[in-house]
Amino acid sequence: MTDWRDMDWRSALTALDAAAEPHVLVTVIEALGSTPREAGAKMIVTADTFIGSIGGGELEQEAMDAARRLLAEGAAAPVTERLMLGADRNQCCGGAATLLFEPFAAPTTTVALFGAGHVAKALVRVLEGTPVRIVWIDERPDAFPAATRAIARRVDDPAAQVAGLPKAARAYVMTHSHDRDYEILAALLARDDLGPVGLIGSKTKWARFRKRLLADGLPPARVDAVACPIGLPGVGGKRPAEIAIAVAAEILKNTPDGETL
């Protein structure tokens, strides 16, 4: 288990989002009189730990209790609460603090996208504005566009990122290298708790990969569940934008709200 307490709150926010871990960002938005911390102080609260501090003592404990109630309720909207500080709260400050609680629930659909080529870039654009959360992974410098809504990771070993994906995450493999595709795909199929896996390529490519995966001892049921080619059948063509539309349609069709599309 990651020890989030070793991180500053900014790094923890990114890491918690990448891990699809529900959390609440607590911010002191007003500090009147004598208070443990000034306005702007922040802490992050998860179900079993916290990062940062808003001053310790009873104030901090009450903030953690309130944040965890929001997590238990599955709250999505931010709320504010004003707390008076005094001897009855084991705080000698005697001031008042107004706290902002911003809950971040686990996303309903996480897609791990390996490779930042033309199809991947088009797919990220197509999914803009949807509730799909994208973890985008590539090894090449400057592979990603300057601005992206995805969680972009430039790493030396993309296959090693598979271990940190949240349970039930979908994955699409579309790197610039067949060897890299295979490494990532083998790592994905070695896990038994992920969602559907797709590999960009032709039926011929898949036949070669399938034979090799089975020879390497990957579970036959997982191997046979891989989608290659990718995308909702009957949607799109062979251009990057068309493939992206077909893949986006496949993803959205299988989100919790997919039946309403």
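This write-up is about the structure you can find in this document. A quick note: this is a predicted structure, and the numbers were derived from the prediction, not measured.

1. A closer look at helix α4 (residues 178–190)
Then, number 1: Between its first and last C-alpha, α4 extends 18 Å over 13 residues, near the 18 Å set by a 1.5 Å rise per residue.
Then, number 2: Among the residues making up α4, those that are buried are R180, D181, Y182, I184, L185, A186, L188 and L189.
Then, number 3: Residues of α4 that are buried make contact with β6 (110–114), β9 (170–173), β10 (197–199), α5 (203–215) and α6 (220–224).
Then, number 4: Measuring from the side-chain oxygen of the N-cap residue of α4 to the backbone nitrogen of D179 gives 3.3 Å; that N-cap residue is S177.

2. Quick word on unusual backbone geometry
Then, number 1: Omega for the peptide link from C228 to P229 comes to 0°, which places this bond in the cis form.
Then, number 2: When you line up the elements, P229 lands in the loop between α6 and α7 (240–253).
Then, number 3: Backbone geometry at D142 places phi at a positive 60°, although glycine is not the residue there.
Then, number 4: Relative to the assigned elements, D142 resides in the loop between β7 (133–138) and β8 (151–154).
Then, number 5: Taking relative accessible area as the criterion, D142 reaches 77% and is therefore assigned exposed.

What counts and how
- Residues numbered from 1 in each chain as written.
- Predicted model: local features only at pLDDT ≥ 70, side-chain atom pairs only at ≥ 80, totals over all residues.
- Heavy atoms only, no water.
- Helix = DSSP H or I, 4+ residues; strand = E, 2+ residues; numbered from the N terminus.
- Expected span 1.5 Å × (residues − 1).
- Buried < 20%, exposed > 50% of the residue type's maximum accessible area, 1.4 Å probe, protein only.
- Contact = heavy atoms within 4.5 Å.
- Polar contact = N/O pair within 3.5 Å; in protein donor to acceptor, adjacent residues only side chain to side chain.

Read these as spatial facts, not as claims about activity.
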